[in-house]
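# Coordinate analysis (summary)
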Amino acid sequence: MLAIRCRLPINSSRIVSAAGVITRKEQKRHASLTMETLNPLVKEVEYAVRGPIVIRAGEIEKKLKGSHNFPFDRVIRANIGDCHASGNQVPITYIRQFVAGCTYPELMKSSNFPSDIKSRVERLLSVCGGKSLGAYTESQGIITIREDIAAYIQQRDGYPSDPNNIYLCNGASDGIKTIIKLLMNNNLEKPSGIMIPVPQYPLYSATLSEYGAYQIEYYLDEGNNWALNIDELERALNQSKDRCVPRGMVIINPGNPTGQVLSRDNIENVIRFAHKHQLFIVADEVYQENVHLPGSKFFSFKKTLMDLGAPYNQMEMASFHSASKGWHGECGSRGGYYELINIDKDVRVQVNKLISACLCSTAWGQAVMAAIINPPKEGEPSYELYKQERSAVVNRLREKAELVGRLFNSVEGVQCNPVMGAMYAFPRIELPKKAIEHAKSKNMAPDAFYCFQLLEKTGICVVPGSGFKQSPGTHHFRTTILPPVDQMKDMVEKFRTFHLSFLREWK
Amino acid sequence: MANINPRVIKVEYAVRGPIVIRAGEIEKQIKEGQHNFPFDRVIRANIGDCHASGNQVPVTYIRQFLAGCTYPPLIDSSDFPSDIKQKVQRLLSVCGGKSLGSYTESQGLITVREDIAKYIQERDGYPSNPSDIYLCNGASDGIKTVIKLLMNNDPKKPSGIMIPVPQYPLYSATLSEYGAHQIEYYLDEDNNWALNIDELERALNQSKEHCVPRGIVIINPGNPTGQVLSRENIENIVRFAEKHRLFILADEVYQENTYLPGSKFFSFKKVLMDLGAPYNHMEMASFHSASKASKGWHGECGSRGGYYELINIDKDVRMQVNKLISASLCSAAWGQAMMGAIINPPKEGELSYELYKKERSDIVSRLKQKADLVSQLFNSVEGVRCNAVMGAMYAFPRIEIPEKAIQHAKSKNMAPDAFYCFQFLEKTGVCVVPGSGFKQKPGTHHLRTTILPPVDQMKVMVEKFRKFHMEFLREWK
């Protein structure tokens, strides 16, 4: 057979016949990467927050642009904690001025440019190579930022924090993956095990799947505001001991998707438990600045550890924070950091070496983190506007946290724990038996089936509880509380109508 | 240390390794005042960082664009160039809430991917689909993702990836981290660091018992070697990879850095396509970088902008890739914006064109000048031989090290060229990376320096080197 030299579009399924044939069969013969040879661990990875239902929402949005049969004219995206996208807020002014100044210092010559932001910019650029944000930074991140983060932590907790223990990363997700990697033993027969909450933010299950680690699932107590019960932690750990080497424990506080803000007591008990079993604590505290319920207060794991004194104050742990959440919501910046606490110095040398191979995290993300962690102070020119913008965001979130929990609880067959913190509601729904059976026949989790129906009938995109794992036999979904108030009210009303008609349909 | 992931311990990355750490300590001491060093500054020639090395300042239109995307009220000013304003508006129009602070699609902003696809199409003459483009946190991030796809998680017979020697140590670091087998193929120093097919066959055959060979990494233009592969060489590599069913990882981050008259960059994709069947159906990935693209003439290393194009990938596999990357949501939006600015520069007739053109030629001609200069100078030192710097931004001279020095280094458990480079640092303040950090033919010794410091600094550096080298030869005769 002669080969014709021709320009076929890639992914073409066209078959060129006659002399010189390129068939799809030949196309496959020399494949070097197929589903059979793809890394099997990659196939195990799932991430519901951007999973099938979100993909479907995207398809619907596309169709809505033209002629369509949907009984709605827009998709309400309540699947992801993205503050700017959802309309919860616009960017905070001083943050953007700061980053713009760092990007194009010429701007600061203008008399409009606030002097307090200008001096912050100059301070940052003075430690950048060639005074440019375009230079690689130290692998741990720019020193002045790490100093400011250490100062923030020290002020928050009352205990010293060392810039050498601070690591800037591409969003908390990146840092979390790095830390979990350290705990892996690469032993297929008895892999490292990490305790993760159920329900959990699915980055954890995705990462553990990717790494071939064992997921030690501990159930949060829905009947008790999603608390962590020590009995349950012991149960989970004991049941896993044959199958893995337990190495660490993840706590998400405030919780995602559950929104719980752990009591001081609860945190102390968790620490004692981790100490007893020599577990490395992975404290995901990215929502530390999102506490809504009056009476709820954020207690950092580090502070609690230190307050407990010996031997707890020597325990190794990592705490994560992010530029994506809080009152700033700069998700796209991929700013984030972790503090390594009480880490063995030789291990720290290894961490530094590991991260150096990717050089450094995004300098722009670092700059955003710098702005966030060191906001204008009272008396400075940018203070008033910042204060106003920040309170607007925080008050709106608070208002919606209260509203959403209440509204969901007013729907028959729906029960929603109060949204104490973070940015999500995680209502529990009773699904009729028939619907559950039908879902199973379609190889779908019942709440996934429910959420797809909700999407197709109302345009509302939320994430099924099965995407976060949950107590078997229960069904939930996660919605953000980010859309503007009136949109949220509208959303819950649409939900109410849908839910009642769903109950009728599947009675 | 007893229970840290054992693979992490194996990871090495010389570009920021022990010698660079030592350089940092020395800088601190010099800053603090009291010191005994026979020099008053450290010349950092270890890392391809254009802004830091003083080679250049940021390109104006890029920073204006990024500033406009960051703080849109700026674009309403009468000073703000209208062509950049339009570009900003186009980008923000596809961002959630019209803000760079929203998560983007996991593959990256659509307009940036469209522009990249167009760039590739213009470069190669073959279609490129935005759906095959993936923006990532620097090429390094993308490279790690793609290599991960090829891993089999079988400790007895792990996946093997062919990597050049010398190589950019991200590859050896990643393969160590993943527990994969490193199939090392030697580049031919006597032939401008070419890839010989015999050598590729040898390396592959020798590895077959220890691993399942899955892919081959080619760095073109090369790092640290700077070679720009001939068209023919690339064709032969493609045929070799096809014969052995290897996935091609084409690290082409220096595609915009070629200097030698007669050197021309040929993209692996174009060559693949030009070769026709069956080669034009081979799966491969090509990587580019804003850091490096930065390398090209923009030098925006800190932005961590980068992308890869997946070519001829099975559609089911692509879905898996999309799923894998979605768990980390998306790459840095500012890095994506950076990549967008770089890949779509001002065109002739547009307002920002003249300034951009001038800034670009300044940088490019400086690099060209230094590429010539540096290898010439190194070749003028006795016992030093340096291949021409055809592309990228490094010189990789080979040094003869006296036997006594080699023995001494071994007694200290150091690679001979590492010992040499540490001495060089302590005596002159010049920080380069030992050849052992990149791997090299056993018995040979090299060092890698960038060609980024300003011309006069580079001249000073090579003179210091000449003096040091002569003394070193005398001392260790």
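All values derive from a computational prediction rather than experimental measurement. (Residues numbered from 1 in each chain as written. Chains lettered and ligands numbered in written order. Predicted model: local features only at pLDDT ≥ 70, side-chain atom pairs only at ≥ 80, totals over all residues. Heavy atoms only, no water.)

Attention shifts here to the sheet that holds strand 14 (residues 477-480) of chain A. All names here are of chain A. The strand order 10-14-13 describes an open sheet built from three strands, whose pairing is antiparallel. Both edges of this open sheet fall to strand 10 (424-425) and strand 13 (463-464), since each of them pairs with a single strand only. As defined by bridge partners, strand 10 adjoins strand 14 across two bridges and the pair is classed as antiparallel. Within strand 14, the residue paired with Tyr-424 across the bridge is Thr-480. (Pairing = 2+ DSSP bridges. Helix = DSSP H or I, 4+ residues; strand = E, 2+ residues; numbered from the N terminus.)

This part takes up the interface of chain A and chain B. Each partner contributes residues to the interface: chain A has 92 residues there, and chain B has 98 residues. Buried surface at the junction of chain A and chain B, summed over both partners, amounts to about 8,000 Å²; 57% is from carbon and sulfur atoms. Here chain A is connected to chain B by two salt bridges. Across the pair Glu177(B) and Lys181(A) runs a salt bridge whose closest N-O atoms are separated by 2.3 Å. At the junction of chain A with chain B, the criterion picks out 46 residue pairs in polar contact (both at pLDDT 80 or more). Sorting the residues of the side of chain A that touches chain B by element identifies helix 1 (24-29), helix 2 (40-44), helix 4 (93-103), helix 7 (171-182), helix 8 (203-211), helix 12 (345-356) and helix 13 (363-373) of chain A as the ones contributing at least two each. (Contact = heavy atoms within 4.5 Å. Buried area = accessible area lost by both parts, 1.4 Å probe. Salt bridge = Lys/Arg side-chain N within 4 Å of Asp/Glu carboxyl O. Polar contact = N/O pair within 3.5 Å; in protein donor to acceptor, adjacent residues only side chain to side chain.)

A word on the pattern of salt bridges. All chains considered together, the criterion is met by 55 salt bridges over all chains. The partner of Arg264(A) in a salt bridge is Asp307(A), with the nearest N and O atoms 2.9 Å apart. Here Arg264(A) is found in helix 10 (residues 264-276), whereas its partner Asp307(A) is found in helix 11 (residues 301-307), with 43 residues between them in sequence. Residue Glu189(B) pairs with Arg398(B) through a salt bridge whose shortest N-O separation is 3.6 Å. Of this pair, Glu189(B) sits in the loop between strand 4 (181-186) and helix 8 (197-207) while Arg398(B) sits in strand 11 (residues 398-399); the two residues are 209 residues apart in sequence, bridging distant segments of the chain. On the accessibility criterion, Arg398(B) (23% relative accessible area) is partly exposed. Salt bridges here are not isolated pairs; linked through shared partners, they connect Arg264(A), Glu268(A), Arg272(A), Lys303(A) and Asp307(A). (Buried < 20%, exposed > 50% of the residue type's maximum accessible area, 1.4 Å probe, protein only.)

Moving on: the nonpolar core. Buried together is how nonpolar side chains tend to be arranged in soluble globular proteins. Ranked by internal contacts, the top residues of the largest apolar core, which has 328 residues, are Phe98(A), Met195(A), Met249(A), Met162(B), Ile216(B), Val238(B) and Ile248(B). If we skip the residues at most four places from it in the chain, Met162(B) touches Ile183(B), Tyr185(B), Leu200(B), Ala203(B), Leu204(B), Gly215(B), Ile216(B), Val217(B), Phe240(B) and Leu246(B). Grouped together as the second largest cluster of nonpolar side chains are six residues, Ala100(A), Leu107(A), Tyr71(B) and Leu74(B) included. (Core = buried A, V, L, I, M, F, W, Y, C linked by side-chain atoms within 4.5 Å.)

In regions of low pLDDT, the predicted coordinates are not meant to be interpreted in detail. When the pLDDT values of chain A are averaged, the result is 92; 94% of them are 70 or greater. For residues 1-27 of chain A, every residue scores under 50 in pLDDT, and the model assigns this stretch 40 contacts once sequence neighbours within four places are set aside. (pLDDT = per-residue confidence, 0-100.)

All names here are of chain A. Tracing the chain through its elements places Gln-470 in the loop between strand 13 and strand 14. On the basis of relative accessible area, Gln-470 is assigned to the buried category, the value being 13%. Polar contacts involving the side chain of Gln-470 include one to the side chain of Asp-447, which spans 2.6 Å. Within the structure, Gln-470 has its side chain in polar contact with the side chain of His-476 (distance 2.7 Å). Discounting residues that sit within four places of it in the chain, Gln-470 has contacts with Val-198, Tyr-219, Asp-447, Gly-465, His-475 and His-476.

Turning next to the UniProt feature "domain: Aminotransferase class I/classII large" (unreviewed entry) in chain A. UniProt tags residues 130-493 of chain A as "domain: Aminotransferase class I/classII large" (unreviewed entry). Within the segment residues 130-493 of chain A, helix and strand shares are 41% and 15% respectively, and the terminal C-alpha atoms sit 56 Å apart. (UniProt positions renumbered as here; feature names shortened; annotations may be inferred.)

This paragraph deals with the environment of Arg56(A). All names here are of chain A. One can find Arg-56 in helix 3 (residues 52-64). Sequence separation between Arg-56 and Leu-455 is 399 residues; the distance between their C-alpha atoms is 8.6 Å. Look past the residues within four positions of Arg-56 in its chain and what remains in contact with it is Lys-63, Phe-70, Phe-452, Leu-455 and Glu-456. Here Glu-456 takes part through its side chain, which lies 2.6 Å from a polar atom of the side chain of Arg-56.

Okay, the sheet that holds strand 7 (residues 284-289) of chain B next. All names here are of chain B. Pairing is mixed across the open sheet formed by seven strands, whose spatial order is 2-8-7-6-5-3-4. Lying at the two open borders of the sheet, with one neighbouring strand each, are strand 2 (133-137) and strand 4. Each strand axis lies, on average, 25° off the axis of its neighbour in the sheet, ignoring direction. In the sheet, strand 3 (residues 159-165) pairs with strand 5 (residues 212-219) via four bridges, with the strands oriented parallel. Of the residues in strand 5, the one forming a bridge with Ile-161 is Gly-215. In this fold helix 6 (residues 138-149) packs onto strand 2, strand 6 (247-251), strand 7 and strand 8 (305-311), with an angle of close to 35° to the strand it touches most, strand 8. Docked against the sheet, helix 12 (residues 315-326) engages strand 2 and strand 8, running at close to 25° with respect to strand 2. (Axes fitted to C-alpha atoms, helices over the stretch in contact; angles between N-to-C directions.)

Bringing the pairing of strand 3 of chain B into the picture now. All names here are of chain B. Among the seven residues of strand 3, seven are classified as buried, and the element is accordingly described as predominantly covered. The alternating pattern of strand 3 places Ser-159, Ile-161, Ile-163 and Val-165 and Gly-160, Met-162 and Pro-164 on opposite faces, both of which are buried. As paired elements, strand 3 and strand 4 share six bridges and run parallel to each other. Along strand 4, the bridge assignment pairs Ile-163 with Glu-184. The β-α-β motif built from strand 3, the intervening helix 7 (residues 170-178) and the parallel element strand 4 has right-handed crossover chirality. (Right-handed = clockwise from strand over helix to strand, strands pointing away.)

For chain B, mean pLDDT is 93; residues scoring 70 or higher make up 98% of the total. Two numbers describe this predicted complex: its pTM, 0.93, and its ipTM, 0.92.

Attention now moves to the state of the cysteines. All names here are of chain A. Under the counting rule described, the total for this entry stands at zero disulfides over all chains. The cysteine Cys-83 is free of any disulfide, with Cys-331 supplying the nearest cysteine sulfur at 5.0 Å. Relative accessible area serves as the criterion here: at 0%, Cys-83 is assigned to the buried category. The thiol sulfur of Cys-451 is not disulfide-bonded, and the nearest other cysteine sulfur, from Cys-461, lies at 8.6 Å. (Disulfide = S-S within 2.5 Å.)

Our focus in this paragraph is helix 5 (residues 110-124) of chain B. Residue and element names in this part refer to chain B. For helix 5, spanning 15 residues, the distance from its first C-alpha to its last is 21 Å, which sits close to the expected 21 Å at 1.5 Å a residue. By the burial criterion, the buried members of helix 5 are Thr-111, Val-112, Arg-113, Asp-115, Ile-116, Ala-117, Tyr-119, Ile-120 and Asp-124. Buried residues belonging to helix 5 abut helix 4 (82-93), strand 2, helix 10 (268-274), strand 7, strand 8 and helix 13 (333-343). (Expected span 1.5 Å × (residues − 1).)

So, on to the packing of aromatic side chains. Residues and elements named next belong to chain A. Tallied over the entire structure, the rule returns 39 aromatic pairs over all chains. Ring centres of Phe-449 and Phe-502 lie 6.2 Å apart, and the angle between their planes is 55°; this geometry places the pair in the tilted category. Of the two residues, Phe-449 sits in helix 16 (residues 446-458) while Phe-502 sits in helix 17 (residues 485-505), which places them 53 residues apart along the sequence. Grouping aromatic residues by their ring pairs yields a cluster made of Phe-408, Phe-449, Tyr-450, Phe-477, Phe-495, Phe-498, Phe-502 and Trp-506. In this arrangement the basic side chain of Arg-478 is found over the ring face of Tyr-424, its NZ or CZ atom lying 3.9 Å from the centre. (Phe/Tyr/Trp six-rings, centres within 6.5 Å; stacked < 30°, edge-to-face > 60°. Lys NZ or Arg CZ within 6 Å of the ring centre and 35° of its normal.)

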